[in-house]
Amino acid sequence: MLIPARMSEAEERRWVGVMLDKLAAQESRSVLGDRELTERALRLSEQYFGGRARPGSVRWVTNQNTRWGSCTPSEGSIRLSHRLQGMPEYVVDYVLLHELAHLLVPGHGPRFWRLLEAYPRTERARGYLEGVVAAARLPHLPEAREE
Ligand SMILES: [Zn+2]
């Protein structure tokens, strides 16, 4: 991000704040809707599971703060936590594939992880999500001092 020269520190901080707000607004506009999310899940199932996982509905939920995703195999419904919004696509895809795999295999046994091996970014996405959890536990950094 380029910052124009000759700004005072306070101006600079204000300006960065404005830019970050703009970026956040753009990001939230590009978040997938529930229908696009379902279509994406169908494509991922096609690509990695030979279309065997058939989700009935995939939607964002805001009441899920301890899990990234969940599913009800009997209904074929998948729910993703809104906290994934704004994360890289490969992470969202991993969580979708994880829940899609549960439509085929309950639990997290060897058969489950063998299914997810088909997705080349499983380990990377799991590391990313672990990092997010770890970062949330870090003490907050002290705020920049106003002059
Ligand atoms: Zn699981």
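Residues numbered from 1 in each chain as written. Predicted model: local features only at pLDDT ≥ 70, side-chain atom pairs only at ≥ 80, totals over all residues. Heavy atoms only, no water.

A. Quick look at the pattern of salt bridges. Under the definition given, this model contains 4 salt bridges. A salt bridge links Glu 39 to Arg 35; the shortest N-O distance between them is 3.8 Å. On the criterion of helical spacing, the pair formed by Glu 39 and Arg 35 is a turn pair, its members being 4 residues apart in helix H2 (residues 34–49). Each member of the salt-bridge network shares a partner with another, and the members are Arg 40, Glu 89 and Asp 93. (Salt bridge = Lys/Arg side-chain N within 4 Å of Asp/Glu carboxyl O. Helix = DSSP H or I, 4+ residues; strand = E, 2+ residues; numbered from the N terminus.)

B. Here's a closer look at the sheet that holds strand S3 (residues 77–81). Taken in spatial order, the 3 strands of this open sheet run S1-S3-S2, and their pairing is mixed. Looking at the sheet topology across the chains shown, the edges are occupied by strand S1 (57–61) and strand S2 (69–72). The mean inter-strand angle of the sheet, taken between neighbouring strand axes irrespective of direction, is 20°. Where S2 meets S3, 4 bridges bridge the pair, whose relative direction is antiparallel. By the bridge assignment, Gly 69 is partnered in S3 with Leu 80. Across the sheet, H2 lies against S1 and S3, angled at about 130° from S1, the strand it touches most. Sitting on the sheet, helix H3 (residues 89–104) is in contact with S1, S2 and S3, with an inclination near 25° to S2. (Pairing = 2+ DSSP bridges. Axes fitted to C-alpha atoms, helices over the stretch in contact; angles between N-to-C directions. Contact = heavy atoms within 4.5 Å.)

C. Structural view of the packing of H2 against H3. Packing of H2 against H3 brings their axes to within 10 Å, and their N-to-C directions diverge by 70°. Taken together, the axes of H2 and H3 are roughly perpendicular relative to one another. Here Leu 37, Arg 40, Ala 41, Leu 44, Ser 45, Tyr 48 and Phe 49 of H2 come into contact with H3, specifically with Glu 89, Asp 93, Leu 96, Leu 97, Leu 100, Ala 101 and Leu 104. Partitioning the contact of H2 with H3 into residue classes produces 10 nonpolar, 1 polar and 3 charged. (Parallel < 35°, antiparallel > 145°, perpendicular 65-115°, else oblique. Nonpolar A, V, L, I, M, F, W, Y, C, P; charged D, E, K, R; others polar.)

D. The arrangement of the coordination of the zinc ion in detail. The coordination sphere of the zinc ion contains the protein donors His 98 (NE2), His 102 (NE2) and His 108 (NE2), at a distance range of 2.0 Å. All donors of the zinc ion belong to a single chain; written as a sequence motif, their spacing is H-x3-H-x5-H. With a gap of 10 residues between them, His 98 in helix H3 and His 108 in the loop between H3 and helix H4 (110–116) connect regions that are remote in the sequence. Under the relative-accessibility criterion, His 98 is labelled buried at 12%. (Donors = N, O, S within 2.8 Å, 3.2 Å for Na, K, Ca; no water. Buried < 20%, exposed > 50% of the residue type's maximum accessible area, 1.4 Å probe, protein only.)

E. Just the packing of aromatic side chains, in detail. Tallied over the full model, the rule gives 3 aromatic pairs. Here the aromatic rings of Phe 112 and Trp 113 are separated by 5.0 Å at their centres, their planes lie at 85°, and the arrangement is edge-to-face. In this structure, Arg 124 is placed above the aromatic ring of Tyr 90, and the distance from its NZ or CZ to the ring centre is 4.6 Å. (Phe/Tyr/Trp six-rings, centres within 6.5 Å; stacked < 30°, edge-to-face > 60°. Lys NZ or Arg CZ within 6 Å of the ring centre and 35° of its normal.)

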